[in-house]
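So the chains spell out like this:
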Amino acid sequence: MEKKNLDWSNLTFGYTKTDKRFVANYTNGAWDNGALIDDDMIVMSECAGVLQYAQTVFEGLKAYETVDGKIVTFRPDLNAQRLHDSAVRLEIPPISEEMFIRSVKETVAANAGFVPPYGTGATLYLRPYIFGINPVIGVKPAEDYQYRIFATPVGPYFKGGVNPIVVKISDFDRAAPHGTGCIKAGLNYAMSLHAIVTAHNEGFAENIYLDPQTRTKIEETGGANLIFTDGKGTLIVPKSGSILPSITRRSLVYVAEHYCGMKIDEREVTLEEVMGGAFSEGGLCGTAAVISPLGKINDHGKEFTFSNGMEEMGPVMTKLRETLTGIQMGTVEAPEGWIVPIEC
Ligand code: PLP
Ligand code: COI
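Note that the structure is predicted; figures quoted are calculated from it, not measured.

Draft legend 1. Just the site of ligand 2, in detail. F13, F58, G60, Y125, R127, Y157, K184, G223, T287 and A288 make up every residue found near ligand 2. Starting from 280 Å² of accessible surface for ligand 2 in isolation, the protein chains cover 89%. Of the residues in the shell around ligand 2, the class split is five nonpolar, three polar and two charged. There are two domains that each give the shell around ligand 2 at least three residues, and those are domain 1 (8–154) and domain 2 (165–329).

Draft legend 2. The arrangement of the nonpolar core in detail. The biggest cluster of nonpolar side chains holds 35 residues, and the ones touching the most others in it are W31, F100, I130 and Y147. Those elements giving two or more residues to this core turn out to be β1 (21–27), β5 (61–65), α2 (76–89), α3 (97–110), β7 (123–132) and β8 (145–154). Sequence-distant contacts of F100, that is, excluding residues within four places in its chain, are made with L61, P76, N79, A80, L83, I95, P128 and Y147. Core analysis: the next-biggest nonpolar cluster, separate from the first, contains 22 residues, V167, F228, M275 and L284 among them.

Draft legend 3. Layout of the site of ligand 1. As a matter of local geometry, ligand 1 sits amid 17 residues, with Y189, E220, S246, T248 and T287 nearest to it. In the model, an oxygen atom of ligand 1 is placed 2.8 Å from a nitrogen or oxygen of the K184 side chain. In this structure, E220 approaches ligand 1 through a side-chain N or O atom, which is 2.6 Å from a nitrogen atom. In isolation ligand 1 offers 390 Å² of accessible surface; the protein chains occlude 96% of this area. Listing elements by their share of the shell around ligand 1, those giving two or more residues are β11 (218–221), α6 (247–258) and β15 (281–286).

Draft legend 4. Up close: unusual backbone geometry. Positive phi is not limited to glycine here, since E91 has a value of about 55°. Of note, E91 is situated in the loop between α2 and α3. Despite not being glycine, R215 shows a phi value in the positive range, around 50°. In this structure, R215 sits in the loop between β10 (206–210) and β11. Residue classification places R215 among the partly exposed residues on the basis of a relative accessible area of 29%.

Draft legend 5. Inspection of the environment of N33 at higher detail. Within the secondary structure layout, N33 lies in the loop between β2 (30–31) and β3 (35–37). When the C-alpha positions of N33 and V67 are compared, they lie 34 Å apart, and in sequence the two are 34 residues distant. Those residues in contact with N33 that lie beyond four places of it in its chain are F22, M99 and R102.

Draft legend 6. Local environment of the environment of N10. Inspection of the secondary structure puts N10 in the segment before β1. Judged by its relative accessible area of 56%, N10 is exposed. For N10 and T120, which are 110 residues apart along the polypeptide, the C-alpha to C-alpha distance reads 8.6 Å.

Draft legend 7. Looking closely at the side chain of T152. Structurally, T152 is set in strand β8. Polar contacts involving the side chain of T152 include one to the main-chain amide nitrogen of T16, which spans 2.7 Å. Non-local contacts of T152, meaning those with residues more than four positions away in its chain, are made with G14, Y15, T16, T18, T123, L124 and Y125.

Draft legend 8. Layout of the packing of aromatic side chains. By the definition in use, this model includes 15 aromatic pairs. When the ring of F22 is compared with that of Y147, the centres are 6.2 Å apart and the planes differ by 65°; the resulting orientation is edge-to-face. With F22 in strand β1 and Y147 in strand β8, this pair connects stretches of sequence that are 125 residues apart. For F22, a relative accessible area of 0% gives the class buried. Measuring from centroid to centroid gives 4.9 Å for F304 and F306, while their planes differ by 85°, and the two rings are edge-to-face. The exposure class assigned to F306 is buried, which follows from its relative accessible area of 2%.

Draft legend 9. Representation of the pattern of salt bridges. In this structure the tally under the stated criterion is 15 salt bridges. The partner of E220 in a salt bridge is R174, and the shortest N-O contact between them spans 2.9 Å. Note that E220 is positioned in strand β11 and R174 in the loop between β9 (165–169) and α4 (186–190), a separation of 46 residues in sequence. Across this residue pair, the class does not change: E220 and R174 are buried. Ionic pairing is found between D265 and R267, a salt bridge with its closest N-O pair at 3.0 Å. With relative accessibility at 25%, the residue R267 sits in the partly exposed group.

Conventions and cut-offs
- Residues numbered from 1 in each chain as written.
- Chains lettered and ligands numbered in written order.
- Predicted model: local features only at pLDDT ≥ 70, side-chain atom pairs only at ≥ 80, totals over all residues.
- Heavy atoms only, no water.
- Near = heavy atom within 4 Å.
- Areas by Shrake-Rupley, 256 points an atom, 1.4 Å probe, with all protein chains shown as cover.
- Nonpolar A, V, L, I, M, F, W, Y, C, P; charged D, E, K, R; others polar.
- Domains from an automatic or database assignment.
- Core = buried A, V, L, I, M, F, W, Y, C linked by side-chain atoms within 4.5 Å.
- Buried < 20%, exposed > 50% of the residue type's maximum accessible area, 1.4 Å probe, protein only.
- Helix = DSSP H or I, 4+ residues; strand = E, 2+ residues; numbered from the N terminus.
- Contact = heavy atoms within 4.5 Å.
- Polar contact = N/O pair within 3.5 Å; in protein donor to acceptor, adjacent residues only side chain to side chain.
- Phe/Tyr/Trp six-rings, centres within 6.5 Å; stacked < 30°, edge-to-face > 60°.
- Salt bridge = Lys/Arg side-chain N within 4 Å of Asp/Glu carboxyl O.

Structure, rendered in structure tokens:
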């Protein structure tokens, strides 16, 4: 398929309408097979469950053009599993892994002209989501649902791409200990909007949320997990039951151990040790963020600067990022099953 005429290298993380999207409907207790459609508009009741009680879950994954001109996706089976888990938590009927993978493949293939060329730094972001669509006024799950997946070409999530960012310790909490922090639901992001606007107005790129119970442990940021290194060969990964099980983070743990020869220390991480200088480098990791390096953390005016400073990414985060993106773009051999080719 001929490439669209876009300024690929200057794309931001924004929405561009593409040609086709996949839609399936759940009515009378069953999902239909779904199909690609042209219409990007959704018409629904003013009383739809998603509008009244935010009954919606979503995913985020990317399609990449590889060095040899193929189009691939990265570990979509893990997105299928997480969408299933998120749906079950919000009483949404899950879709099958078969339909999820088929919808990913069909949506990417139908929008192949929007997959950014290799080397531009841009990718095709895919957004699968399920929402309650019939009228719901008493607080209860909807009866009918719609599953959609659309594609949009994107550039880096943070302005400046791989430049270190400054983040603040948020005064707001993201997720309660037995709440919904470990699923990907719109409600987790609605509640973060005031916090992110506040952080941006104060000049910070993102928020780091603490555990709400003790406010002493590092959880994650609004849109990415956190990883750290001690600069002595260990990757330190904050562990908590109320953070999203990031597919990027889980992949980086494998990459760090099996490709970079690092040790992995997955455990609770305190704010005190981070601000006290226990780690030489840190990064935000996620599908959108890839790895975005931490430059500084600001805790109510007290600042900690990582050893890479504000000018460039440190050597450990650079190595991890290059290995992961190499696997995704076909310059580094991938572990079995990680790369799923798209037939166009
Ligand atoms: N944490 C949050 C809150 C997120 O929104 C995301 C993005 O998906 C992640 C972590 C990273 O997860 P993944 O690597 O699966 O994209
Ligand atoms: C992703 O990385 O896919 C996300 O959903 C994060 C979001 C904040 C854009």
